[in-house]
Amino acid sequence: MKRRQFIKTGLVGTFAAGMTSMSLLKGRDCDTTNPDILGPYWSEDHPYRIILANSDEPGTRIFISGTVKANDCETPIQNGVVDVWHANDNGCYTVFQECDTGNSDDDPYNLRGKMLTNENGEYAFESIWPGYYATRPKHFHYKITTPNGLELVTQCYFEGDPQVTEQWEADHPGQIIPLGEGENGLIGIFDIVMDEEEIQAGINGETVPLPEKPVLRQAYPNPFNNSTRIEFSISGPGHVSIGIYDIKGKWITSIVENHLSNGTHSFNWKGIDATGNPVSSGSYLVVLKYAGFTASKKIVFLK
Ligand SMILES: [Fe+2]
């Protein structure tokens, strides 16, 4: 199938038709997917897309798909966010490193992208096979967030990679996937089972209430010229992301990117951007994301 037809047909549909026999869910117990390290190269605000690599990006084309399911290994999780980032053919990560690649569009998020799972819990993307760096095997980084706010950070590796030692295999159960050869490149399936237990039922089987909209209070002081306190409350434990944006929507820095307990929390922002430099005077937005909700407040920084 030609590349354009492949995309037109739909990445998920194409994979689902021919590759289900490779599904990792078959032939193993219903284990939740093993978590792995986030690593230093995750960045905020990856764009939503299914083709992560520009067409002239050097490297072997690769097509990855899979299904995100709840911990019964059956219930598909729809509208889960599958966030993927990886190294280029030379083991270089955009955003954090100067990468000499085929990134002719100067895309700051080259080789990074988010997808939403469909009604069958499926996701799929096209990119290039990541290169090596340090002594790590080739890998894709994943951060999956369910609509309930449950988050899993993991990675997938590849069978036959000489860097995947026996010890590595033992330490990363269910994360090492086989690759097949397709007409346009390598094809692999990485299925993900989320540990939805804490959302679906409590320890004694009682239903846990769904998370409610978070409360983001106005930062104090505001305007500020030294430090301002950002306070918010969440109704249940979950992943919280708080970013600072300028009024044009450009991301400035991240204040929180963490799993937090329910209740009230507060963090300070000192008017410093992600590279450690003071921002210029003006209006900024505090944007809180939690359990599929978004809340924002305007703050003013005066030098
Ligand atoms: Fe990595």
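Refer to the structure above for everything that follows.
Remember, it's a predicted structure, so these values are computed and weren't measured experimentally. Residues take numbers from 1 onward in each chain, read along the sequence in its written order. Given that the model is predicted, a residue must reach a pLDDT of at least 70 before its local features are reported, and side-chain atom pairs must reach 80 or more before they are shown or counted; all residues, however, enter totals for whole chains, interfaces and linings. Excluding hydrogens and water, the side-chain figures rest on all heavy atoms present in the structure.

Student: So what's going on with the overall build of the protein chain? Residues and values would help.
Tutor: When helices and strands are counted, the protein chain shows 4 helices and 17 strands. Contacts are residue-level and defined by heavy atoms, with any inter-residue pair within 4.5 Å sufficient. Contacts spanning at least 24 positions in sequence make up 68% of the contacts within the protein chain whose residues lie at least 6 apart. Carbon and sulfur atoms form 50% of the exposed surface of the protein chain, whose accessible area is close to 14,900 Å². Under the DSSP-based scheme used, a helix requires at least four consecutive residues in state H or I and a strand at least two consecutive residues in state E, with every element numbered from the N terminus. Note on areas: Shrake-Rupley, 1.4 Å probe, and residue coverage restricted to the protein chains presented here.

Student: How would you sum up the packing of aromatic side chains? Please name residues and give values.
Tutor: Only Phe, Tyr and Trp rings are paired, with Trp represented by its six-membered ring, and only when their centres lie within 6.5 Å; those with planes under 30 degrees apart are stacked, over 60 edge-to-face, the remainder tilted. Considering all chains together, one arrives at 16 aromatic pairs under this definition. In this structure an aromatic cluster arises from ring pairing among Tyr123, Phe125, Trp129, Phe140, Tyr142, Phe158 and Phe190. Note on geometry: a ring has a charge over it if NZ (lysine) or CZ (arginine) is within 6 Å of the ring centre and within 35 degrees of the ring normal. We note Lys138 situated over the ring of Trp129; from NZ or CZ to the ring centre the distance is 4.3 Å. Taking the ring centre of Trp42 as reference, the NZ or CZ of Lys143 above it sits at 4.3 Å.

Student: Go over the sheet that holds strand β7 (residues 176-177), please, and point to the residues and values.
Tutor: The strand order β3-β2-β5-β6-β7 describes an open sheet built from 5 strands, whose pairing is mixed. The open sheet has two edge strands, β3 (112-116) and β7, and neither has a second partner. Being paired, for any two strands, means DSSP has found at least two bridges between them. Pairing between strand β2 (residues 81-85) and strand β5 (residues 140-145): 5 bridges, direction antiparallel. Paired with Trp85 across the two strands is His141, which belongs to β5.

Student: Mind laying out the coordination of the iron ion, listing which residues take part and the relevant values?
Tutor: The reference angle at a metal is 109.5 degrees if four donors form a tetrahedron and 90 or 180 degrees if six donors form an octahedron. We call an atom a donor if it is N, O or S and sits within 2.8 Å of the metal, or 3.2 Å for Na, K and Ca. Water is not counted, so some sites may look partial. Taken together, Tyr93 (OH), Tyr133 (OH), His139 (NE2) and His141 (NE2) make up the protein donors of the iron ion, found 2.0 to 2.1 Å from the metal. Around the iron ion, the 4 donor atoms are arranged such that angles at the metal cover 92 to 147 degrees; this shape is classified as irregular. As a motif over one chain, the donors of the iron ion read Y-x39-Y-x5-H-x1-H. Of this pair, Tyr93 sits in the loop between β2 and β3 while His139 sits in the loop between β4 (122-128) and β5; the two residues are 46 residues apart in sequence, bridging distant segments of the chain. Note on geometry labels: four donors, all angles 85 to 135 degrees, give tetrahedral; four donors become square planar and six octahedral when opposite donors are over 155 degrees apart and every other angle is between 65 and 115; remaining cases are irregular.

Student: Explain the sheet that holds strand β16 (residues 282-290) residue by residue, including any values.
Tutor: The 4 strands are arranged β14-β13-β16-β17 in an open sheet whose pairing can be described as antiparallel. Edge positions in the sheet fall to β14 (251-260) and β17 (293-301), since each of these pairs with one other strand and no more. Across the sheet, the axes of successive neighbouring strands diverge by a mean angle of 15 degrees, strand direction being ignored. Pairing of strand β13 (residues 238-246) with β14, which is carried by 8 bridges, proceeds in the antiparallel orientation. Bridge pairing in β14 places Ile242 opposite Val256. For helices, the fitted line uses only the C-alpha atoms of the stretch in contact; every axis is such a line through C-alpha atoms, and the angle between N-to-C directions lies from 0 to 180 degrees.

Student: Which residues make up the state of the cysteines, and what values do they have?
Tutor: Here, two cysteine sulfur atoms that lie within 2.5 Å of each other are counted as a disulfide. Inspection of every chain in the model, using the stated rule, returns 1 disulfide. Covalently, Cys92 is tied to Cys99 through a disulfide, its sulfur atoms 2.1 Å apart. Taking the torsion about the sulfur-sulfur bond, which here is approximately -90 degrees, the covalent link between Cys92 and Cys99 counts as left-handed.

Student: Hey, could you go over the pattern of salt bridges for me, with residue numbers and the actual values?
Tutor: Salt bridges are counted wherever a side-chain nitrogen of Lys or Arg sits within 4 Å of a carboxyl oxygen of Asp or Glu. Taken as a whole and assessed by the stated rule, the structure comprises 6 salt bridges. Its salt-bridge partner being Asp107, residue Arg49 comes within 2.8 Å of it at the nearest N-O pair. With Arg49 in the loop between α2 (11-19) and β1 (61-69) and Asp107 in the loop between β2 and β3, the pair connects residues that are 58 residues apart, well separated along the chain. The cut-offs for exposure are 20% and 50% of the maximum accessible area for each residue type, with area from a 1.4 Å probe on protein chains only; residues under the lower value are buried, those over the upper are exposed, and the others partly exposed. Judged by relative accessible area, Arg49 falls into the partly exposed class, the value being 23%. One salt-bridge network, in which partners are shared between bridges, spans Lys143, Glu151 and Glu257.

Student: I'd like a rundown of unusual backbone geometry, residues and numbers included.
Tutor: Negative phi is the rule for most residues except glycine; trans is the rule for most peptide bonds. Omega for the peptide link from Tyr220 to Pro221 comes to -5 degrees, which places this bond in the cis form. Following the sequence through the fold, Pro221 ends up in the loop between β11 (215-216) and β12 (228-234). Even without being a glycine, Asp45 presents a positive backbone phi close to 65 degrees. The topology assignment puts Asp45 in the loop between α2 and β1. Given the relative accessible area of 23%, Asp45 is considered partly exposed.

Student: Summarise the pairing of β2; cite the residues concerned and give the values.
Tutor: The buried fraction of β2 is high, at 5 of 5 residues. Where burial is concerned, the two faces of β2 agree: the one with Val81, Asp83 and Trp85 and the one with Val82 and Val84 are both buried.

Any functional reading would require information beyond the geometric quantities listed.
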